[in-house]
Amino acid sequence: MTSFDLTPQKREELLGLLLGKLESYYADTDALRVSPPLDIEQIQTEVRELFESSGSELEATNTLVEKLKTFSVHTPHPDYFGLYNPRANFAGILSDIITAYFNPQLAAWSHSPFAAEVESFLIKEFGQRFGYPSANADGVFATGGAEANLTAVLCALKHTHPDYAVNGLMGLNKRPLVYCSHESHHSIVKATRMVGLGSDSVRNVAVQSNLTMDTEALSQLIQEDLDAGHQPFMVVGTAGTTGTGAIDNLSAIHSIAKQYNLWFHVDGAYGGSAIISNRLKPLLKGIEHSDSITMDAHKWMSVPMGTSMFLTQHPNILSETFSTSNNYMPKDAGGLQIVDPFNHSVQWSRRSLGLRVYLSLLFFGWDGYEEVINHQTDMGEYLRTSLTKNGWAITNQSALPVICFTHPEYANDSEFATYITSKVVKSGLAWVSTYPVQGTLKVRACITNYSTQKSNIDHLVQLVNDAKIEYEK
Ligand SMILES: *Cc1c(COP(=O)(O)O)cnc(C)c1O
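Chains are numbered independently. Their residues run from 1 in the order of the written sequence. Only residues with pLDDT of at least 70 get local features here, since the model is predicted, and only at 80 or more are side-chain atom pairs given and counted; chain-wide, interface and lining totals rely on the full set of residues. Remark: hydrogens and water are excluded; side-chain values derive from all non-hydrogen atoms of the structure.

### A look at the packing of helix 4 (residues 90-102) against helix 12 (residues 354-389)
Okay, step 1: Axis angles are defined between N-to-C directions and span 0 to 180 degrees, where every axis is a line fitted to C-alpha atoms and, for a helix, only to the segment in contact. Strands are runs of DSSP state E lasting at least two residues, helices are runs of H or I lasting at least four, and both sets are numbered from the N terminus onward. For the pair helix 4 and helix 12, interaxial distance at closest approach is 8 Å and the crossing angle is 135°. Of the possible angle classes, the one that applies to helix 4 and helix 12 is oblique. Note that helix 4 runs across helix 12; the crossing there is right-handed. Contact with helix 4, carried on its side by Ala91, Gly92, Leu94, Ser95, Asp96, Ile98 and Thr99, involves Leu355, Arg356, Leu359, Ser360, Phe363 and Phe364 of helix 12 and no other residues of that element. For classification purposes, angles smaller than 35 degrees are called roughly parallel, those larger than 145 roughly antiparallel, those between 65 and 115 roughly perpendicular, and all remaining angles oblique. Working rule for handedness: look at the near helix, and if it is turned counterclockwise from the far one by less than a right angle, call the crossing left-handed; if clockwise, right-handed. By definition, residues are in contact when any of their heavy atoms lie within 4.5 Å.

### Considerations on the sheet that holds strand 6 (residues 292-296)
Okay, step 1: Two strands make a pair as long as DSSP finds a minimum of two bridges between them. Within the open sheet, the seven strands sit side by side as 1-7-6-5-4-2-3. Their pairing is mixed. Each edge of the sheet is formed by a strand with only one pairing partner; in this case those strands are strand 1 (138-142) and strand 3 (202-205). Across this sheet, the average inter-strand angle for adjacent strands is 20°, counted without regard to direction.
Okay, step 2: When strand 2 (residues 176-181) meets strand 3, the two strands line up parallel, connected through four bridges. Note on strand 3: the bridge partner recorded for Cys180 is Asn204.

### Quick notes on helix 14 (residues 454-472)
Okay, step 1: Under the 1.5 Å per step criterion, the end-to-end length of helix 14 is 27 Å for 19 residues, consistent within 8% with the ideal 27 Å.
Okay, step 2: Residues of helix 14 that are buried include every one of Asn456, Ile457, Leu460, Val461, Leu463, Val464, Asn465, Ala467 and Lys468, and no others.
Okay, step 3: Turning to helix 14, the residues buried within the fold contact helix 12, strand 9 (402-406), helix 13 (414-427) and strand 11 (440-446). The span expected for a helix works out to 1.5 Å for each residue beyond the first. Classification of residues uses two cut-offs on accessible area relative to the type maximum, computed with a 1.4 Å probe and protein chains only: under 20% is buried, over 50% is exposed, and between them is partly exposed.

So, in structure tokens, the structure goes:
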């Protein structure tokens with residue numbers, strides 16, 4: 001029988017090879033094309049061929065790394081100006097290696113008490129940073145903003161309809177409604193489908209010209225829905241929209257939530273990290289009054305994918321929403337004051353996620369994070385200035401490093417933005433996307449990598465300038 005452990009010599013050989021290859025990828029990411037040409041047939045063939053080849057473990061590992069290098073959009077690249085995907089910081093990478101070896105089971109506290117306490121500790125730390133009183137700050141790590149937002153909808157339903165956990169929607173006689181802006185993330189819509197409300201229960205509130213929620217429209221919509229016999233139960237303010245980095249007026253939303261007795265959730269999947277920067281923190285004013293927060297560490301905190309936090313200042317709501325009893329896990333450790341993560345989470349078997357954030361903070365501290373967050377914000381400002389100097393027009397007003405732009409001559413020409421974007425992406429020299437602002441597509445560039453410098457931005461401006469000349473030919 002083959003040994004699943006391999007031999008110590010073989011393991012050493014494999015690790016030696018892998019470390020060398022990964023280190024050269026990490027050190028020289030910027031030497032690669034940011035994105036590969038996408039030939040789906042070729043990729044499918046390569047997947048099959050590697051599967052059918054009969055190479056050694058060494059060859060298999062080697063080829064796998066090579067294929068990822070060839071067929072990935074390199075989000076860790078400093079010329080990747082894309083969606084909020086980070087370059088994973090090295091502490092995050094190390095913690096994933098550690099996690100892979102120990103494979104901690106975070107369903108129950110008793111199996112992985114240290115890793116579980118790391119998560120509890122971080123949840124309190126972040127809760128307090130957002131202004132929740134320490135005694136009430138609670139939460140859970142989640143795989144992403146989508147899961148954290150689903151958790152929020154479930155908690156909001158349980159909070160506003162105490163029998164929901166038992167009777168589900170069948171126990172309700174009015175239609176529960178969720179409010180969020182037109183610019184909010186589609187994971188809210190998915191969450192309403194998953195809980196059985198359906199997407200018609202999402203009320204998309206109009207936005208103002210700065211793309212934040214029009215709170216007067218919110219009040220009006222709630223009032224109309226109440227008059228129609230529905231039951232508004234939740235409002236989601238977005239702190240850093242996915243498209244343009246807009247931050248809703250959280251204080252104003254809180255007042256309305258209070259007036260109508262709604263659960264106030266802040267989706268800070270991206271922008272929540274602004275809380276770490278003293279300079280940016282004021283933008284999140286009002287978040288301290290929220291009932292819950294989504295905050296992704298795998299966006300602006302640059303840890304590997306799959307790391308989000310759901311935070312709340314209702315210390316019992318997660319247990320009330322998720323607690324179930326079962327006979328196959330050891331019971332709580334001798335009546336100690338501990339939280340079994342499965343009683344707090346959508347998940348059962350669960351990977352340790354907190355270690356990535358913990359080790360990163362051990363390495364760099366809050367100050368280190370503040371520095372990189374400010375750096376990225378500065379680079380965003382530099383991109384705005386450079387684009388403006390080159391005759392481009394900025395079409396969004398975010399204080400975060402998310403820039404949507406076009407050329408004034410083509411302000412209403414979606415084709416122009418599509419052309420520029422595709423030209424840049426196809427060159428393999430940078431990655432940008434498009435996003436509709438004021439009814440037409442604009443080029444969208446986000447500083448999402450802590451290693452992006454002025455030279456990368458100068459290069460991007462050069463690329464869009466060149467693409468514009470091409471467009472005009
Ligand atoms: C990215 C994002 C999400 C989804 O988070 P994932 O971690 O990608 O699941 C939700 N809301 C906002 C505002 C986002 O930017």
